[in-house]
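An overview of the molecular structure
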Amino acid sequence: PRLPTPAHRRGQHTGIESPTAMFCAALPLAAAIVRGPPILRYGSAAIDTRGAPSLIAPSSVASALEGTDSALDSMDLAALALDGSFRPTRGPDGRLEPVLTLPGDSLETTPPMGAVTVSSTAATLGVVALAFVRSGSPLPPLLGVAAGALLGELFSGAFHWATDNYGRLETPVVGFACAAFQGHHLAPWTISHRSVFNNVYKIAGATLPLLGLGLALLPPSGAACVAVMFYLQLVAQEFHRWSHTPPSKLPEWKRRLQRAGVALPVPEHIAHHKPPFDKHYCILTGRLNRVLDSEPVLLWRRLEALVYRVNGQEPLSWKSDKVRALALSLWPARRDAAGQGKFRDSE
């Protein structure tokens, strides 16, 4: 079924499952990011996202999977309440059937989707390999890859924050992404029905010219940093897809990556899917969310206040008076008396 929604709320995420991508993500992240996400509670059950013992009783595993599956289902049902215009049925596997909200969107996987994703993977590996070949020491490229991993996490959050809160389908260049991220809040389960290539090919296509630009303008280690940062957006989208897939339907190796904090844990991302969707934006590992969302950083509120100060644009997260008040308390601004769209510090 397709859901007619307001322009600023249309969309569905686009998300990688290849071993190459998992390797690119896991190797630098283990060294670059050290703090794990907190324990989150759902009802009376606590789900520890920081990892798990290597030996767990089968009954405990089954109970944990059932609890997380239930938390995901509750999140999906809460999303349905945001827009009562559709009621998807459940498929044979118990999941809600996909709802496509973007014009021209499809769950079909085509050969070009796979080709562009493989090309992005090969190009990224090539840029990183070239950095090691051209460098007199392995240290600069290693530092470049590690920095790219950290920046990849931050970039996933910044892009998510921006597209969640600003723009619409008609916005030039990034309109499709804005509509996709905003519409994802209305049908979050749909991403779990996509194939890897269907989910990530648009991101893969966007990385190719950026990789070339990095090679042309930056030294080899800098190009490797940029390549890793952009390629990890594919990995982040795949991890994002896992976080919307019931863990009982994921293979054990994927669940291990989630428990280890290498892949975005389900509870960490569920915490984002609560109106007004104002925090937990990083979707690679989620490990930076605790820092970026808390005092004294409060990065997203500060950026929202800055945008408002510059052009008067209010983010969608400011539908919550509490979020709006917090942002303006960090960097207060108000319209001038003439109402001409100019801003000045509040007294």
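Residues numbered from 1 in each chain as written. Predicted model: local features only at pLDDT ≥ 70, side-chain atom pairs only at ≥ 80, totals over all residues. Heavy atoms only, no water.

Within the protein, the secondary structure is distributed over 12 helices and 4 strands. Split into buried and exposed, the 347 residues of the protein put 50% on the buried side. By element, 64% of the accessible surface of the protein is carried by carbon and sulfur atoms, the whole surface being about 15,800 Å². (Helix = DSSP H or I, 4+ residues; strand = E, 2+ residues; numbered from the N terminus. Buried < 20%, exposed > 50% of the residue type's maximum accessible area, 1.4 Å probe, protein only. Areas by Shrake-Rupley, 256 points an atom, 1.4 Å probe, with all protein chains shown as cover.)

To continue, consider helix 4 (residues 139-165). Taking 1.5 Å of rise per residue, 27 residues should cover 39 Å, and helix 4 covers 39 Å from first to last C-alpha, within 8% of that figure. Gly167 lies just past helix 4 and shows a positive phi near 80°. (Expected span 1.5 Å × (residues − 1).)

The subject of this paragraph is the environment of His160. Turning to its location among the elements, His160 is positioned in helix 4. The spacing of His160 and His280 is 120 residues in sequence and 9.5 Å in space, taken between C-alpha atoms. Apart from residues no more than four positions distant in its own chain, His160 is found in contact with Phe181, His269, His272, Tyr281 and Ile283. A polar contact is formed between the side chain of His160 and the side chain of His272, at a distance of 3.3 Å. (Contact = heavy atoms within 4.5 Å. Polar contact = N/O pair within 3.5 Å; in protein donor to acceptor, adjacent residues only side chain to side chain.)

A few words now on the pattern of salt bridges. One pass over the structure, following the stated rule, counts 11 salt bridges. For Arg255, the salt bridge goes to Glu252, with nearest N and O atoms at 2.6 Å. Highlighted residues: Arg255 and Glu252, both in helix 8 (residues 252-259), separated by 3 residues, approximately one helical turn. For Arg255, a relative accessible area of 13% translates into the label buried. Look at Glu252 and you get partly exposed, because its relative accessible area is 31%. Because the salt bridges share partners, they merge into one network encompassing Glu252, Arg255, Arg256 and Arg259. (Salt bridge = Lys/Arg side-chain N within 4 Å of Asp/Glu carboxyl O.)

When you line up the elements, Gln233 lands in helix 7 (residues 220-243). For Gln233, a relative accessible area of 11% gives the class buried. For Gln233, the side chain forms a polar contact with the main-chain oxygen of Met229, separated by 2.8 Å. If we ignore the near neighbours within four places in the chain, the residues touching Gln233 are Gly152, Phe155, Ser156 and Ile203.

Attention shifts here to the packing of helix 7 against helix 8. Put simply, helix 7 and helix 8 touch, their axes get as near as 11 Å, and they point 105° apart. Classified by the angle their axes make, helix 7 and helix 8 are roughly perpendicular. In this structure, helix 7 uses Glu238, Trp242 and Ser243 to contact helix 8, whose residues at the interface are Trp253, Lys254, Leu257 and Gln258. A class-by-class count of the residues in the contact of helix 7 with helix 8 yields 3 nonpolar, 2 polar and 2 charged. (Axes fitted to C-alpha atoms, helices over the stretch in contact; angles between N-to-C directions. Parallel < 35°, antiparallel > 145°, perpendicular 65-115°, else oblique. Nonpolar A, V, L, I, M, F, W, Y, C, P; charged D, E, K, R; others polar.)

Turning next to the nonpolar core. Counting 24 residues, the largest nonpolar core has Leu232, Leu234, Val235, Phe239, Trp242 and Leu284 as the members making the most contacts within it. Put simply, the parts of the chain that give this core at least two residues each are helix 3 (111-134), helix 4, helix 6 (196-217) and helix 7. Here the element with the most residues in this core is helix 7; it accounts for 9 residues. (Core = buried A, V, L, I, M, F, W, Y, C linked by side-chain atoms within 4.5 Å.)

Looking now at the packing of aromatic side chains. Evaluation of the coordinates by the stated rule reveals 9 aromatic pairs. When the ring of Trp242 is compared with that of Trp253, the centres are 5.6 Å apart and the planes differ by 85°; the resulting orientation is edge-to-face. Taken together, the residues span a long stretch of sequence, with Trp242 in helix 7 and Trp253 in helix 8 at a distance of 11 residues. Residue classification places Trp242 among the buried residues on the basis of a relative accessible area of 1%. Between Tyr281 and Trp300, the ring centres sit 5.5 Å apart and the planes meet at 85°, which makes this aromatic pair edge-to-face. With a gap of 19 residues between them, Tyr281 in the loop between helix 9 (266-270) and helix 10 (289-293) and Trp300 in helix 11 (residues 299-311) connect regions that are remote in the sequence. Grouping residues by exposure puts Tyr281 and Trp300 together as buried. Taken together through their ring pairs, the aromatic side chains of Phe155, Phe159, Phe181 and Phe230 make up a single cluster. Against the face of Tyr308 rests Arg324, its NZ or CZ located 5.8 Å from the ring centre. (Phe/Tyr/Trp six-rings, centres within 6.5 Å; stacked < 30°, edge-to-face > 60°. Lys NZ or Arg CZ within 6 Å of the ring centre and 35° of its normal.)

Taken together, the side chains of Leu210, Leu213, Leu217 and Leu218 define a hydrophobic patch exposed on the protein surface, amounting to about 360 Å² of accessible area. Along the chain, the position of Leu213 falls in helix 6. (Patch = residues over 30% accessible without salt bridge, like charges linked within 9 Å, V, L, I, M, F, W, Y side chains within 5 Å.)

Before going further, it helps to examine the confidence of the model for the protein. With 78% of its residues at a pLDDT of 70 or more, the protein has an overall mean of 83. Low pLDDT, under 50, characterises residues 2-56; the stretch is placed with 165 contacts to residues that sit more than four places away or in other chains. (pLDDT = per-residue confidence, 0-100.)

Another aspect to go through is the packing of helix 4 against helix 5 (residues 175-184). Where helix 4 contacts helix 5, the axes come no closer than 7 Å and their chain directions differ by 85°. Relative to helix 5, the element helix 4 is oriented roughly perpendicular. Of the residues in helix 5, those touching helix 4 at Phe159, His160, Thr163, Asp164 and Asn165 are Ala177, Cys178, Phe181 and Gln182. Residues of the contact of helix 4 with helix 5, tallied by class, amount to 4 nonpolar, 4 polar and 1 charged.

From its side chain, Arg255 meets the backbone oxygen of Leu250 in a polar contact 2.6 Å long. Residues contacting Arg255, with those up to four places away along its chain left out, are Leu65, Pro247 and Leu250.

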